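Structural overview for review
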Amino acid sequence: MLRSNVEELLKQCTSRFVKSQIMPQARKWDENKQYPLENMKKFAELGLLGLRIPKKYGGSGRGLLDAVIVLEQIAKADASTAVNLHVQLNASPLFVMLYSGEEVKRKLLPALVSGKALFSMAQTEPEVGSNLTELRTLARVEGSYYVVNGTKTMITMGSIAHVHLVYLRFDDDNSIGCLLLEKETKGFSVGKSENFLGLRGLGSTELVFQDCRVPKENLLLKGPGSLRKMLTLFNGTRVGLASISLGIAGAAFEEALKYSKLRTISGKPLIAFQGLQWKLADMAITLEAMKHLVYSAAKDTKLNGFPDQFTSSAARIFSSEGAIKIANTALDIFGGYGYSKEFPMERYLREAKGMTFVGGTIDVLRNAIGSYLSKKNM
Amino acid sequence: MQIVVTIKQVPDTAEIRIDPKTGNLIREGVESIINPDDRHAIEAALQIREKLGGSVTGICMGPPQAIDAISEALGLGIDKGILLMDNYFAGADTWATSFTLGRAVEKIGDCDLIICGHQAIDGDTAQVGPQLAEYLNIPQITYVKDIEEATDKKIVVKCMTDKGYERIECPLPALITVMRQLNEPRFPRFDWLINACREKAPIETWNAADLGVKASQVGLQGSLTNVINTFSPKFERRGEILEGTAEKTVKDFMKILEENKLI
Amino acid sequence: MSIWIQQELCNGCGICVKICPYGAVEIIDTKAGINDRCIECAACLASCKEKAILTDAKEKIVPDFSDRKGIWVFAEQRNGALNPVTLELLGIGQILSRKLNQELSAVVLGDVVDDLIDPLAEFGADNIYVAIHPSLQHYRTIAYTSIISQLVKEHEPNIFLIGATHTGRDLAPRLSRRLGVGLTADCTELTIDPEHGDLLQTRPAFGGNLMATIVNRYSRPQMATVRPGVMQQVKRQVTRDPRKIVKPVSLTEEEILTKILEIVDEGTQKVHLNQAKVIVTGGRGVGSLEGMKRLESLALALGGEVGGTRVAVEEGWVPVDRQIGQTGQTVRPEFYFACGISGAIQHRAGILGSRYIVAINKDPMAPIFKVADWGILGDLHEVVPLLTEKLRQR
């Protein structure tokens, strides 16, 4: 029976949507430090927010690979929009799918699919960064409630999300875990908003919890083994982030290649000069290697549907650093124009740089790989 | 209301470039897309269905990869897609195409309204719509830029003329060809795109035998016109500079326009 | 059925059943038989070792049309005025008529058409077929198709040309299907094949990136629509009165089906920049809103649209939806006039698909001249109004 290849179809249709609906406005959002809420509305209307949600909650029940395909295309136009979507596709809702009770799932997952419940993932703290083992946000058990106190910082969609997935420490067993905190909760407030160099459409803010009472059914993970489960989920989110770097790099490379054929120096196009050809060749090689790492990680499902830590960390480190290199060289190829806001080249570089921090700095991942190697039998 | 929309998969001509050395079309890496005018046809059909109920069937004649056009149309919300696919359909001119589409519409049966895009960006002929209408012996309205009223019995549309527009009323069944001014096409839904790729998606493929046609009636063999030569128009920039007083340069320029039959 | 199985030769081996892509061959009682799914593709013929499958199908042959004479053009009229394309069709018609030594005729339909006879003759028609009826006052597909197809069947012309106007592109395909003949759209060149005498029809495809020459060997008349504005009008000395052939008309509203409720003339219509045939764009050199007005007049004279560079948009001379270049739109008109534009790379990137680029600038070093077909070195404030005036005079 003749049917379309779903991955190829998603890629093409996303690309066309992005070119017409996102690309033309990306510069404006960046300049105004504007969170493009309309994108989430459109994604909901197009049924995209349910991509990975099981069918019985109104989603399409697809996996990480499809999310990566879509995110790469969106990141070509606007990396902030891609990160915002990534949080909805690959991060918080997966915790709900795996660790919430049925009632919470039935309440939140269909709401996410329709765009009524958007999520944040509140990990980073002002004092300890994204180091989970040292989290200071505390949940105290009080009857059928958890009482949460603490501050999170640089939380993507902090001011927009309806539901915050908060990583914290429980005072009774001193375990690291997480729970869902709804934005209407008394004692919750949104703090200062970040003024980033790039990725300016993240709607990134501080979150402040002052004696927030969270009902027990909103608990996701607590007690021994919770940290391990959270880390496994991170293996997936890392690949999502890596695909965004891949998208930025792809866009920068394509623009640079186009420009080097169009722009002439002494009557010859830039690409006729060997010095330029070598730059482009190196960019193409890096991009190809990034693609292979990201997509092989996205197809890796050996840990109950999630890739392993090494594969996913390698993909994220390599592609976020590769994207910086590619965006930087692409900017160089444009010369002074590359430095001008009239062209998107400087934005790609700012975005690429930002991707080394979003979701935890990549140096922490190097630590993880280092410790993995030191334990590995030769 | 039973609506049929004709869909063509075309190379994205906006992406087509000419090889500066050989003057040939560079088709490599050029994406195949739903013909832009056909998107407006699909949108029109969906809007009418949303008002009046019924169903929208998309028919597309093309090679196996044209399945992507059908899948995307299902993503947009059509109820059913039919791919007319047969090696013998290849190389059809508008005569053979309108015949093949006509047989498909007859096989679908009981259709109130057929909506076609004004023209395809690869051929630019705008002939298949009217020829299909004639084959089916139903009235046609071309250059439609607005649908004022659609009921089960009739439609009232605005169609463009060289000077402005006409408001036309037409009983159903009828065929209309639509312009891009008509509407703003939606984008395909991701969940529906995914469904369109599943085995049980509402897609059928029909070959020549399914349509009950003979090999000699369709495709290249069934065509009445033949392309005997193709060539790329020369696109070299001439780089002529006209100097002197404004009177002189304008006079020289007018002469150039006249000599090159450009006005 | 033009493919069948000689039963006595068939050994029931079943190879043809496997070969047939359509499931049109079945074994019934040890012999093969062909069912109604057969499309006569003849794929099975070679597969039969017993040579039991036979056909009377013949190669497609080119019929002899040497008895078909006459070149016809459709004389499109609106409220008693001829569409200019009619005279252009007569112009090319005269050339074809001399080449083939066949008469040139015009077909005109309407409610009152008497005033059109003389101009049609003056521009080349030897014969004029006339159909007059109140129902023909305004063009309607079914009415016109019905009358013209009757005329064609009665008089059997060799060539039939129709202008590729809105009306022509509605009528021609309908008519061709009714007559059972091929049709080529939107031709820009028509010549006669010196060998066979066929009409060679050349037209652009792929948005003008490719030209194709098409021939119509299997049916007559050879029908083509012709792009307006391409062929030359040619006046001639009328030596005798044109032959006027009046076609009696009987038409009822019931058979025409469509009803025109209202006709609205809008004059020129604004089109999207990416559809415009002519675009006049201003840059920094335009200097002011008044400067831009001059470009608008030029655009009007050319039947085109106005655009602007980023500077012109930022200065407020041109609305933002008309910005052309890297951060604006990419355009591919037939004619692009760059006025007072230096031609920075971000602007050039958006216009390279244009068929012809004309640059008007007073700086001889402006990079725009490098991508222009014609560069007019001078002050646009002098050149543009002068050019507009000259174009208007034509």
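Not measured: the values here are computed from a predicted model.

Description of the packing of helix H5 (residues 79-99) of chain A against helix H6 (residues 102-113) of chain A
All names here are of chain A. The contact between H5 and H6 brings their axes to 10 Å, and the two run at 165°. It follows that H5 is roughly antiparallel to H6 by the angle criterion. Where H5 crosses over H6, the two elements pack in a sense that is left-handed. Between H5 and H6, the residues in contact are Gln88, Pro93, Val96 and Met97 and Lys105, Leu109 and Leu112, respectively.

Observations regarding the domain arrangement of chain A
Residues and elements named next belong to chain A. What the domain assignment lists for chain A is domain 1 (6-117), domain 2 (120-221) and domain 3 (226-373). Distance between the C-alpha centres of domain 1 and domain 2: 22 Å. Taken together, the contact between domain 1 and domain 2 spans 26 residues of the former and 25 residues of the latter. Across the domain 1/domain 2 interface, buried area totals approximately 2,000 Å², and carbon plus sulfur atoms make up 65% of it.

Points about the side chain of B:Asn183
All names here are of chain B. Take Asn183: it is sitting in the loop between strand S12 (174-178) and helix H5 (190-196). Given a relative accessible area of 10%, Asn183 falls into the buried group. In terms of polar contacts, Asn183 uses its side chain to reach the side chain of His40, at 2.9 Å. Apart from the residues within four sequence positions on either side, Asn183 is in contact with His40, Glu43, Ala44 and Gln47.

Considerations on the interface of chain C and chain A
With 8 residues of chain C at the interface, the matching set in chain A holds 8 residues. Across the pair A:Glu342 and C:Arg310 runs a salt bridge whose closest N-O atoms are separated by 2.9 Å. On inspection of chain C and its partner chain A, the count reaches 1 residue pair in polar contact (both at pLDDT 80 or more). Residue composition of the side of chain C that touches chain A, by class: 4 nonpolar, 3 polar and 1 charged.

A short note on the pattern of salt bridges
Tallied over the entire structure, the rule returns 53 salt bridges over all chains. A salt bridge links A:Glu346 to A:Arg350, with the nearest nitrogen and oxygen atoms 2.8 Å apart. Of the two residues, A:Glu346 and A:Arg350 both sit in helix H11 (residues 345-354), 4 residues apart, roughly one turn of that helix. Since its relative accessible area comes to 11%, A:Glu346 is described here as buried. A residue is classified by how much of its surface remains accessible, and A:Arg350, at 10% relative accessible area, is buried. Put simply, C:Asp126 and C:Arg236 hold a salt bridge, and the shortest N to O gap is 3.2 Å. Taken together, the residues span a long stretch of sequence, with C:Asp126 in the loop between helix H3 (117-122) and strand S9 (127-132) and C:Arg236 in the loop between strand S15 (222-226) and strand S16 (243-247) at a distance of 110 residues.

Structural notes on the confidence of the model for chain B
When the pLDDT values of chain B are averaged, the result is 92; 93% of them are 70 or greater. Among the scores for the predicted complex, ipTM is 0.93 and pTM is 0.89.

Description of the packing of helix H8 (residues 274-299) of chain A against helix H9 (residues 309-333) of chain A
Residue and element names in this part refer to chain A. Here H8 crosses H9 at 155°, and the two axes come no closer than 9 Å. Between H8 and H9, the interaxial angle falls into the category roughly antiparallel. Between H8 and H9 lies a crossing of left-handed hand. Grouping the amino acids of the contact of H8 with H9 by side-chain chemistry returns 16 nonpolar, 6 polar and 2 charged.

Some details on the sheet that holds strand S17 (residues 259-265) of chain C
Spatial ordering of the open sheet is given by S13(B)-S7(B)-S6(B)-S1(B)-S8(B)-S12(B)-S9(B)-S10(B)-S11(B)-S17(C), a layout of 10 strands whose pairing is mixed. Each edge of the open sheet is held by one strand with a lone partner, namely strand S13 (203-206) of chain B together with S17 of chain C. In this sheet, adjacent strand axes meet at a mean angle of 30° when their direction is disregarded. As paired elements, strand S1 (residues 2-7) of chain B and strand S6 (residues 55-61) of chain B share 6 bridges and run parallel to each other. Bridging across to S6(B), B:Thr6 finds its partner in B:Ile59. In the packing of helix H3 (residues 94-108) of chain B onto the sheet, contacts are made with S1, S6, strand S7 (80-84), strand S8 (113-117) and S13 of chain B, and the angle to S6(B) comes to roughly 145°.

Examining the packing of aromatic side chains
Applying the stated rule across the entire model yields 21 aromatic pairs over all chains. Ring centres 6.3 Å apart and planes at 65° place the aromatic pair B:Phe253 and C:Trp374 in the edge-to-face group. One end of the pair, B:Phe253, is in helix H8 (residues 246-259); the other, C:Trp374, is in strand S22 (residues 374-377), on a second chain. As far as the burial class goes, B:Phe253 and C:Trp374 line up, both buried. One aromatic cluster in this structure is built from B:Phe253, C:Phe335, C:Phe337, C:Tyr356 and C:Trp374. Sitting over the face of the ring of A:Phe170, A:Lys222 holds its NZ or CZ atom 5.4 Å from the ring centroid. Sitting over the face of the ring of B:Trp95, C:Arg177 holds its NZ or CZ atom 3.8 Å from the ring centroid.

The rules we used
- Residues numbered from 1 in each chain as written.
- Chains lettered and ligands numbered in written order.
- Predicted model: local features only at pLDDT ≥ 70, side-chain atom pairs only at ≥ 80, totals over all residues.
- Heavy atoms only, no water.
- Axes fitted to C-alpha atoms, helices over the stretch in contact; angles between N-to-C directions.
- Helix = DSSP H or I, 4+ residues; strand = E, 2+ residues; numbered from the N terminus.
- Parallel < 35°, antiparallel > 145°, perpendicular 65-115°, else oblique.
- Left-handed = near helix turned anticlockwise from the far one by under 90°.
- Contact = heavy atoms within 4.5 Å.
- Domains from an automatic or database assignment.
- Buried area = accessible area lost by both parts, 1.4 Å probe.
- Buried < 20%, exposed > 50% of the residue type's maximum accessible area, 1.4 Å probe, protein only.
- Polar contact = N/O pair within 3.5 Å; in protein donor to acceptor, adjacent residues only side chain to side chain.
- Salt bridge = Lys/Arg side-chain N within 4 Å of Asp/Glu carboxyl O.
- Nonpolar A, V, L, I, M, F, W, Y, C, P; charged D, E, K, R; others polar.
- pLDDT = per-residue confidence, 0-100.
- Pairing = 2+ DSSP bridges.
- Phe/Tyr/Trp six-rings, centres within 6.5 Å; stacked < 30°, edge-to-face > 60°.
- Lys NZ or Arg CZ within 6 Å of the ring centre and 35° of its normal.

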